[in-house]
Amino acid sequence: RMERNGRFPSAAAVPSVSAVPPVALPSGPGISSPISCKSITSVSGAAVAARAPSAAGYPRAEGRKEPAAIFEIIYTRLVYVAFLMQVRLLTALPLFGSLATLLLSALLHAYDSFELTWAGHGLDVSQRFRLIERHWLFFLGYGSVLAALSVLLSFWDLFVVRAVLYPLYMANAPHARFQKLHCRPLPVFQAAFGAINSVLQLAELRLRR
């Protein structure tokens, strides 16, 4: 049975997590719903302080104006929450729902592990999720252990294990060579982007009236 009660925390790796209230979604069959965990993030941030700056060929981070940086933080969290809702809806589907939820959860765990590194290299939110989609086979493997543990362990057991594993995952992220594994892109985040962009466009139209 792939069913376990309780929720488990998910460490979003950029400092933006502390600027936005943690997100919690009720758990469903097949997977527990991730939430933001500041305690794991603070430990993980220290673990990746000395990262390889240009080995992976990322663009250099450039200073952004404060309003633009704040908007990007909010936009990133909105896309993240929209994707969590997408994962939550998939749990209602029989058979296929459990497998799809596990796959998407693994990609989300991988994103959490790489987010601090990518933010430090100046990648915006669309570029980060696009990397996941282009190299999804690598990131599926990278986050599969954490996704499987979210099914097998109870809340507190998982919290302890993640507190130990996440700093290691994040410290290894700058050295990962995911570009070498080529595969057909899997646009799993486009629904979340489309939903958030549509809401923002409707809000903008209302404000202009």
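Structural notes on a nonpolar patch on the surface
A cluster of nonpolar side chains, namely Ile70, Phe71, Ile74, Leu78 and Leu200, defines an oily patch on the protein surface of about 430 Å² accessible area. You can see leucine 78 is positioned in helix H3 (residues 66-90). A relative accessible area of 34% means that leucine 78 is categorised as partly exposed.

Focus on the side chain of glutamate 133
The topology assignment puts glutamate 133 in helix H5 (residues 125-134). Of the side chains with opposite charge, arginine 130 lies nearest to the buried glutamate 133, which makes no salt bridge, at 5.9 Å. A distance of 3.0 Å separates a polar side-chain atom of glutamate 133 from the backbone nitrogen of phenylalanine 189. Excluding its chain neighbours within four sequence positions, the residues that come into contact with glutamate 133 are Arg184, Pro185, Leu186, Pro187, Val188, Phe189 and Gln190.

Section: the pattern of salt bridges
This model, assessed by the stated rule, comprises four salt bridges. The shortest N-O distance in the salt bridge between arginine 128 and glutamate 115 comes to 3.5 Å. Here arginine 128, found in helix H5, pairs with glutamate 115, found in helix H4 (residues 96-120); they are 13 residues apart in sequence, far enough to count as distant. In terms of burial, arginine 128 and glutamate 115 fall into one category: buried.

Focus: the packing of aromatic side chains
Within this structure, the stated rule accounts for 21 aromatic pairs. Where tyrosine 111 meets phenylalanine 129, the ring centres are 4.3 Å apart and the plane angle is 5°; that geometry is what we call stacked. One end of the pair, tyrosine 111, is in helix H4; the other, phenylalanine 129, is in helix H5, and 18 residues separate them in sequence. There is no split in this pair, since tyrosine 111 and phenylalanine 129 are both buried. Between phenylalanine 129 and phenylalanine 193, the ring centres sit 5.6 Å apart and the planes meet at 80°, which makes this aromatic pair edge-to-face. Of this pair, phenylalanine 129 sits in helix H5 while phenylalanine 193 is found in helix H8 (residues 190-208), placing the two residues 64 residues apart along the sequence. Residue class for phenylalanine 129 comes out buried when judged on its relative accessible area of 1%. Taking NZ or CZ as reference, arginine 77 lies 5.0 Å from the ring centre of tyrosine 80, over its face.

Some words on the packing of H3 against H8
Two elements in contact, H3 and H8, have axes separated by 8 Å at closest approach and are oriented at 125°. Our classification of the angle between H3 and H8 gives oblique. For H3 against H8, the interelement crossing comes out right-handed. Contacts from Tyr75, Leu78, Val79, Ala82, Phe83 and Gln86 in H3 reach Ala191, Ala192, Phe193, Ile196, Asn197 and Leu200 in H8. Considering only residue class, the contact of H3 with H8 consists of 10 nonpolar, two polar and no charged.

Parameters and conventions
Residues numbered from 1 in each chain as written. Predicted model: local features only at pLDDT ≥ 70, side-chain atom pairs only at ≥ 80, totals over all residues. Heavy atoms only, no water. Patch = residues over 30% accessible without salt bridge, like charges linked within 9 Å, V, L, I, M, F, W, Y side chains within 5 Å. Areas by Shrake-Rupley, 256 points an atom, 1.4 Å probe, with all protein chains shown as cover. Salt bridge = Lys/Arg side-chain N within 4 Å of Asp/Glu carboxyl O. Helix = DSSP H or I, 4+ residues; strand = E, 2+ residues; numbered from the N terminus. Buried < 20%, exposed > 50% of the residue type's maximum accessible area, 1.4 Å probe, protein only. Lys, Arg positive; Asp, Glu negative; His and termini not counted. Polar contact = N/O pair within 3.5 Å; in protein donor to acceptor, adjacent residues only side chain to side chain. Contact = heavy atoms within 4.5 Å. Phe/Tyr/Trp six-rings, centres within 6.5 Å; stacked < 30°, edge-to-face > 60°. Lys NZ or Arg CZ within 6 Å of the ring centre and 35° of its normal. Axes fitted to C-alpha atoms, helices over the stretch in contact; angles between N-to-C directions. Parallel < 35°, antiparallel > 145°, perpendicular 65-115°, else oblique. Left-handed = near helix turned anticlockwise from the far one by under 90°. Nonpolar A, V, L, I, M, F, W, Y, C, P; charged D, E, K, R; others polar.

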